[in-house]
Amino acid sequence: MSHVVIIAGTPSKRSRLTGLTDYSSHTLSKAGISVEVIQVTDLPAEDLVQAKFDSQAIQDALAIVDGADAVIVATPVYKAAYSGVLKLFLDLIPQEGIRDKVTLPLVIGGSIAHLLAIDYALKPVLTALGGRYILGGVYAVDQGIERNEDGTFTLAADITARLDRSLEELRLTLEKDGITIS
């Protein structure tokens, strides 16, 4: 069975980005893919800020990334770049820590003006981490994701359509590369 890790780099689990990560996790699970989520904000802040590589929580999170066949990197856009919380975690991943892994960026922002943050801010970092199979990514404007009273999220049809296409591309790439999907 293929294994995907979602690295959620949002400072708040109530962020609309959670709508994208929840949808992705559910869709991949339905396709028979094992999914694990790393909520970066759940890691000890001091360990992240001080880059404590010997921290058990950090080592555990890095082991999850290492064991994954694919990595979804999810972040809100702040000041035309990915979140600082995500940067703290990405800085701890070894230089070739995502080599040979399919990678899918998911980004959410306040307006379409930040669309290029995927290409100009996030993808260069993923490449520096050894990423060679970086899919196009999905950018969503936060107004297209509604936060429901029960804590779930409703995504606009155009967002689900783009996510579905990207997640299917991820699935097919894993299958093509010979990573077993049961």
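Residues numbered from 1 in each chain as written. Predicted model: local features only at pLDDT ≥ 70, side-chain atom pairs only at ≥ 80, totals over all residues. Heavy atoms only, no water.

### Overview of the overall build of the protein chain
Tallying secondary structure elements over the protein chain gives six helices and nine strands in all. Structurally, the protein chain occupies a C-alpha span of about 40 × 35 × 35 Å along its principal axes. In the protein chain, which comprises 182 residues, the proportion classed as buried is 47%. Within the protein chain, contacts between residues at least 6 apart in sequence are counted, and of these 80% link residues at least 24 apart. Entry remark: accessible area of the protein chain is about 8,600 Å², with carbon and sulfur atoms responsible for 52%. With 16 positive and 23 negative side-chain charges, the protein chain shows a spacing of 5 Å between the two charge centroids. (Helix = DSSP H or I, 4+ residues; strand = E, 2+ residues; numbered from the N terminus. Buried < 20%, exposed > 50% of the residue type's maximum accessible area, 1.4 Å probe, protein only. Contact = heavy atoms within 4.5 Å. Areas by Shrake-Rupley, 256 points an atom, 1.4 Å probe, with all protein chains shown as cover. Lys, Arg positive; Asp, Glu negative; His and termini not counted. Charge placed at Lys NZ, Arg CZ, Asp CG, Glu CD.)

### As for helix α1 (residues 17-30)
When the terminal C-alpha atoms of α1 are compared, their 20 Å separation across 14 residues agrees well with the 20 Å that a helix rising 1.5 Å per residue should span. Along α1, the residues classified as buried are L17, T18, G19, L20, T21, S24, S25 and L28. Following α1 by one or two positions, G32 has its phi on the positive side, about 85°. (Expected span 1.5 Å × (residues − 1).)

### A short note on the pattern of salt bridges
A full pass over the atoms with the stated rule returns eight salt bridges. Of the charged contacts in the structure, one is a salt bridge between K52 and E46, with a shortest N-O distance of 2.8 Å. Between R171 and E168 there is a salt bridge, and its shortest N-O distance comes to 2.7 Å. Of the two residues, R171 and E168 both sit in helix α6 (residues 157-176), three residues apart, roughly one turn of that helix. Classification of R171 by relative accessible area gives buried; the value is 18%. Under the relative-accessibility criterion, E168 is labelled partly exposed at 34%. Taken together, the shared-partner salt bridges connect E168, R171 and E175 into one network. (Salt bridge = Lys/Arg side-chain N within 4 Å of Asp/Glu carboxyl O.)

### Comments concerning α6
Spanning 20 residues, α6 covers 28 Å between terminal C-alpha atoms, matching the ideal 28 Å at 1.5 Å per step. For α6, the full list of buried residues reads I159, T160, L163, S166, L167, L170, R171, T173 and L174. Buried residues of α6, seen end-on, are gathered within an arc of 160° and therefore sit on one face of the element. Of the exposed residues in α6, the ones pointing more than 90 degrees away from its buried face are A157, R165 and K176. (Arc of directions from axis to C-beta.)

### Notes on the environment of S2
Within the element layout of this structure, S2 appears in the segment before β1 (3-8). Along the primary structure S2 and S34 are separated by 32 residues, whereas in three dimensions their C-alpha atoms are 6.1 Å apart.

### Regarding the nonpolar core
In this structure, I7, V65, F89, I93 and L122 are the most contacted members of the largest nonpolar core, which totals 29 residues. Listed by contribution, the elements that provide at least two residues to this core are β1, α3 (56-67), β3 (70-78), α4 (84-90) and α5 (117-128). With five residues, α5 is the largest single contributor of residues to this core. With residues up to four places along the chain from it excluded, the contact list for F89 reads I7, I38, V40, L43, L48, A61, L62 and V65. (Core = buried A, V, L, I, M, F, W, Y, C linked by side-chain atoms within 4.5 Å.)

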